[in-house]
Amino acid sequence: MFKTDETRQATWLTLCIWLLSGLLFSVTHAVLNGAITARVLATVAAMNLFGIIASIGLYQAALRTQRQTKLLRVCALSAVAVVCAFLLGLVDVSLMEFIRKTFEPAKPPSSMPNWARAVVNMTAFLWIFGMLAAMYLTQQANWVVRERERQLAAARTAASEANAAASAARLAALRYCPSSEVLGQPGCGFSGGLASSGLEI
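Just so we're clear, the structure is a prediction, and the values are computed from it rather than from any experiment.

Conventions adopted
Residues numbered from 1 in each chain as written. Predicted model: local features only at pLDDT ≥ 70, side-chain atom pairs only at ≥ 80, totals over all residues. Heavy atoms only, no water. Helix = DSSP H or I, 4+ residues; strand = E, 2+ residues; numbered from the N terminus. Buried < 20%, exposed > 50% of the residue type's maximum accessible area, 1.4 Å probe, protein only. Contact = heavy atoms within 4.5 Å. Areas by Shrake-Rupley, 256 points an atom, 1.4 Å probe, with all protein chains shown as cover. Core = buried A, V, L, I, M, F, W, Y, C linked by side-chain atoms within 4.5 Å. 1 Å grid on protein atoms, 1.4 Å probe; cavity = no way out; pocket = protein on both sides within 12 Å on 5 of 7 lines; lining within 4 Å. Points joined across faces, edges and corners; volume = space filled by probe spheres on them. Nonpolar A, V, L, I, M, F, W, Y, C, P; charged D, E, K, R; others polar. Salt bridge = Lys/Arg side-chain N within 4 Å of Asp/Glu carboxyl O. Patch = residues over 30% accessible without salt bridge, like charges linked within 9 Å, V, L, I, M, F, W, Y side chains within 5 Å.

Caption draft 1: Looking closely at the overall build of the chain. Scanning the chain from terminus to terminus reveals five helices and zero strands. Counting only residues that meet the buried cut, the chain has 27% of its 201 residues in that class. The contacts in the chain between residues at least 6 apart in sequence include a share of 71% that link residues at least 24 apart. Of the roughly 13400 Å² of accessible surface on the chain, 68% is carried by carbon and sulfur atoms.

Below, the structure is given as structure tokens:
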């Protein structure tokens, strides 16, 4: 059911959300720091790429639970959104550590463990995955309604065509019966009644 238009719309929706997120982060960084470097832009691009990959997993979870109850779907996608946000926060921490060791080796490492920093960073991504999960659920619900309306319209069309065919058959039978009675052939109401009573015409 969900193979073409819905997947295409979900893809564009996901790309636009992450593009907007990267743009907002870049603008905020430029306003606060006065400029934005190529290293920051590369970091933002890498994080958006990992975010899109994680969003694919979130969308697959939405597809696999589409036949479940609404409460179960909401709980499942909420859990997947939390996991995706934590993993992306962990990727962010690892990427920052890589940049620090590569370009700023003299800078001391953070006193917080990586998992704790990932939990802190998770809050920055959780709203994005939560919004995407809500959009995926709403989109699929709308497609289910449209599919049912399409099936109902097809059923009504088939019923109308069947009624039209039955009416045409009845009209054809009414045209045939008078000519049969004139010829004295049994099979219509009047001549059949005479034949069954034993009267000769």
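After that view of the structure, there is still more to cover.
Caption draft 2: Structural context of the nonpolar core. Residues Trp-18, Leu-58, Phe-125, Phe-129, Leu-132 and Tyr-136 are the most contacted members of the largest nonpolar core, which totals 24 residues. Among the secondary structure elements, those contributing two or more residues to this core are α1 (5–33), α2 (38–64), α3 (70–103) and α4 (114–183). Among the elements that make up this core, the one with the highest residue count is α4 (eight residues). In this structure, Tyr-136 is in contact with Ala-10, Thr-14, Ser-55, Leu-58, Tyr-59 and Ala-62, ignoring residues within four places of it in sequence.

Caption draft 3: The arrangement of the layout of surface pockets in detail. Reported here for the largest pocket is a volume of approximately 830 Å³. By residue class, the composition of the lining of the largest pocket is 15 nonpolar, eight polar and seven charged.

Caption draft 4: Seen up close, the pattern of salt bridges. Evaluation of the coordinates by the stated rule reveals one salt bridge. Residues Arg-117 and Glu-97 are paired through a salt bridge, measuring 2.8 Å at the closest nitrogen-oxygen approach. One end of the pair, Arg-117, is in helix α4; the other, Glu-97, is in helix α3, with 20 residues separating them in the sequence.

Caption draft 5: The arrangement of a nonpolar patch on the surface in detail. A cluster of nonpolar side chains, namely Leu-20, Leu-23, Leu-24, Val-27, Val-31 and Leu-32, defines an oily patch on the protein surface of about 620 Å² accessible area. When you line up the elements, Leu-24 lands in helix α1.

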